[in-house]
Amino acid sequence: MTPAVDEAAVDLGVEIAGTTFPTPVMTASGCAAAGRELAPFLDVARIGAVVTKSVLLDPRSGRATPRMVETPSGMLNSIGLQGPGIDAFLATDLPWLVQRGARAVVSIAGGSLGEYAELGRRVGVAPGVAAIEVNISCPNVEDRGLVFACDPSQAARAVAAVRRGVPRDVPVLAKLSPDVTDIVAVADAVVEAGASGLSLVNTTLGLAIDPETLRPVLGGGTGGLSGPAIRPLALRCVWQVHAAMPTVPIIGVGGIRTGFDALEFLAAGASAVQVGTVTFHDPSAPARVGEELRGELAVRGFTSPGQVVGVAHRSAQAPIDRPVPQGATL
Ligand SMILES: Cc1cc2nc3c(=O)[nH]c(=O)nc-3n(C[C@H](O)[C@H](O)[C@H](O)COP(=O)(O)O)c2cc1C
């Protein structure tokens, strides 16, 4: 058994594409609005980052109700990109986060390349933005409604449109969909287009049928599946992309509920993680998972999350670098 280190010896800080975060645990877009709802439960300045609900250029009311349904080990949602639009977001939501000392990772979503470009230009120069996350799981109104994220070249164009208008020191993260045959091909295309890192993954498309009506439960028909049901899927995506592109920073997201779940993502190749669905029943989760991760690292003799990133790719015989506590033998 590996000797443990003291939890106080663990420094949870991580660096992603030149930006530092105090812990590797962030909120996931769409699961904590713009952070204000979490304030009664945790200090937004002490979690890794608040990743805001994807913001569009214009206000939007979202899709038809009902828009959420519980499913085995997860949930389906068809919220759509409901939100106040970029003007209201920049005027009220972002300043609140900045004033609270939170790292604001601003998620943007567009229906066309022009919209992505304009959102990038506006958010990129807003004070206090730690990074931009480009949600490309949106239908492209200029291309038969095909989802940007499902086609490597369209995904790359959306990311390039954002990257062009954003100052070099603001990281641009591309958030990919798992609903593709070859996620490495999409990852490769968006990194070529200028993405500084990848958020893996968005929800996967699912369906639930109402036992009474025998019709889809959700007003929008299909919805995005999230929660522990998708954790192995998300983990597999992280694993595949890290194997193909080991130097590209990855933020793992999908079904994380505990510190050990987060550790799994680090071992598969993620440098940080986001927690989404779990916050609906435990709003303190982004802080709790960080503290649990500290314990999971300490008990295995690690003093920083970076020491674990990608270790699952090494052969079972390969030694794992970790500091040896005084007086202990590995
Ligand atoms: C209600 C809800 C709304 C979401 N809205 C967004 C969104 O606006 N933008 C986005 O990129 N992802 C959105 N997501 C996806 C999450 O950010 C995350 O990628 C996904 O839920 C998997 O993580 P989880 O299992 O921890 O929830 C949403 C998820 C849920 C459950």
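First things first, this report covers the structure right here in the doc. Values in this document were obtained by computation on a predicted structure and should not be read as measured data. (Residues numbered from 1 in each chain as written. Predicted model: local features only at pLDDT ≥ 70, side-chain atom pairs only at ≥ 80, totals over all residues. Heavy atoms only, no water.)

For the coordinates displayed, the defined rule picks out nine salt bridges. Across the pair Asp 282 and Arg 288 runs a salt bridge, and its minimum N-O distance is 2.6 Å. Residue class for Arg 288 comes out partly exposed when judged on its relative accessible area of 24%. If you follow the salt bridges from partner to partner, you end up with Arg 231, Asp 261 and Glu 264 in one network. (Salt bridge = Lys/Arg side-chain N within 4 Å of Asp/Glu carboxyl O. Buried < 20%, exposed > 50% of the residue type's maximum accessible area, 1.4 Å probe, protein only.)

The next point concerns the sheet that holds strand E10 (residues 197–200). If you walk across this open sheet you meet the eight strands as E3-E14-E13-E10-E9-E8-E7-E4, and the pairing is parallel. Both outer strands of the open sheet, strand E3 (25–27) and strand E4 (50–51), are each paired with one neighbouring strand and no more. (Pairing = 2+ DSSP bridges. Helix = DSSP H or I, 4+ residues; strand = E, 2+ residues; numbered from the N terminus.)

The full count for this structure, using the stated rule, is one aromatic pair. An angle of 90° between the planes, with centres 5.2 Å apart, marks the rings of Tyr 116 and Phe 148 as edge-to-face. Separated by 32 residues along the polypeptide, Tyr 116 in helix H2 (residues 113–124) and Phe 148 in the loop between strand E8 (129–135) and helix H3 (152–165) bring together distant segments of the chain. As far as the burial class goes, Tyr 116 and Phe 148 line up, both buried. (Phe/Tyr/Trp six-rings, centres within 6.5 Å; stacked < 30°, edge-to-face > 60°.)

Here we come to the packing of H2 against H3. Put simply, H2 and H3 touch, their axes get as near as 7 Å, and they point 30° apart. Of the possible angle classes, the one that applies to H2 and H3 is roughly parallel. The crossing of H2 and H3 is right-handed. Here Leu 113, Tyr 116, Ala 117, Gly 120 and Arg 121 of H2 lie close against H3, whose contacting residues are Arg 157, Ala 158, Ala 161, Val 162 and Gly 165. Considering only residue class, the contact of H2 with H3 consists of six nonpolar, two polar and two charged. (Axes fitted to C-alpha atoms, helices over the stretch in contact; angles between N-to-C directions. Parallel < 35°, antiparallel > 145°, perpendicular 65-115°, else oblique. Left-handed = near helix turned anticlockwise from the far one by under 90°. Contact = heavy atoms within 4.5 Å. Nonpolar A, V, L, I, M, F, W, Y, C, P; charged D, E, K, R; others polar.)

With that out of the way, let us pick up the sheet that holds strand E12 (residues 223–226). Sheet architecture is open: four strands sit in the order E5-E6-E12-E11, paired in antiparallel fashion. If you trace the sheet from one side to the other, it starts and ends with strand E5 (68–71) and strand E11 (204–206), each paired once. When the angles between neighbouring strand axes are averaged without regard to direction, this sheet yields 35°. Here E5 runs beside strand E6 (residues 74–77); their pairing, made up of four bridges, is antiparallel. Counted as the bridge partner of Met 68 is Asn 77 from E6.

Grouped together as the largest cluster of nonpolar side chains are 87 residues, with contacts concentrated most on Ile 108, Tyr 116, Ile 132, Ile 136, Leu 176, Val 190 and Leu 200. The residues contacting Val 190, other than those within four sequence positions of it, are Ile 136, Ala 155, Ala 156, Val 159, Ala 174, Leu 176, Ala 195 and Leu 198. By size, the runner-up hydrophobic cluster in this structure holds twelve residues, among which are Phe 21, Met 26, Ala 49 and Ala 130. (Core = buried A, V, L, I, M, F, W, Y, C linked by side-chain atoms within 4.5 Å.)

Here strand E7 (residues 104–108) lies mainly inside the structure; five of its five residues are buried. Residues Ala 104, Val 106 and Ile 108 line one face of E7 and the alternating positions Val 105 and Ser 107 line the opposite face, and both faces are buried. Pairing analysis gives two bridges linking E4 to E7, with the strands arranged parallel. Bridge assignment links Val 51 to a residue of E7, and that residue is Val 105. In this sheet, E8 lies alongside E7 in parallel orientation, the contact comprising five bridges. Counterpart to Ala 104 in the pairing with E8 is Val 129.

What follows concerns a nonpolar patch on the surface. Together, Leu 207, Ile 209 and Leu 214 make up an exposed nonpolar region whose accessible area comes to about 310 Å². Mapping Leu 207 onto the fold places it in the loop between E11 and E12. (Patch = residues over 30% accessible without salt bridge, like charges linked within 9 Å, V, L, I, M, F, W, Y side chains within 5 Å. Areas by Shrake-Rupley, 256 points an atom, 1.4 Å probe, with all protein chains shown as cover.)

With that settled, consider the side chain of Ser 107. Position of Ser 107 relative to the elements: it lies in strand E7. Classification of Ser 107 by relative accessible area gives buried; the value is 0%. A polar atom in the side chain of Ser 107 sits 2.6 Å from the side chain of Ser 54. When residues no more than four places from it in sequence are discounted, the contact partners of Ser 107 are Ser 29, Val 51, Thr 52, Lys 53, Ser 54, Val 55, Glu 133 and Asn 135. (Polar contact = N/O pair within 3.5 Å; in protein donor to acceptor, adjacent residues only side chain to side chain.)

With that out of the way, let us pick up the environment of Ser 177. As for its placement among the helices and strands, Ser 177 is situated in the loop between strand E9 (172–176) and helix H4 (183–192). With relative accessibility at 6%, the residue Ser 177 sits in the buried group. Sequence separation of Ser 177 and Cys 138 is 39 residues, and the distance between their C-alpha atoms is 10.0 Å. In contact with Ser 177, other than residues within four places in its own chain, are Ser 137, Ala 149, Ile 183 and Asn 202.

Turning next to unusual backbone geometry. It is generally the case that most residues other than glycine have a negative phi and that most peptide bonds are trans. With omega at -10°, the peptide bond leading from Thr 65 into Pro 66 counts as cis. Following the sequence through the fold, Pro 66 ends up in the loop between E4 and E5. At the junction of Leu 200 and Val 201, the peptide bond is cis and its omega measures out at 15° in the coordinates. Among the secondary structure elements, Val 201 is positioned in the loop between E10 and E11. Despite not being glycine, Ser 73 shows a phi value in the positive range, around 55°. Here Ser 73 is to be found in the loop between E5 and E6. A residue is classified by how much of its surface remains accessible, and Ser 73, at 52% relative accessible area, is exposed. One non-glycine residue with positive phi stands out, namely Arg 144, at about 55°. Note on placement: Arg 144 falls in the loop between E8 and H3.

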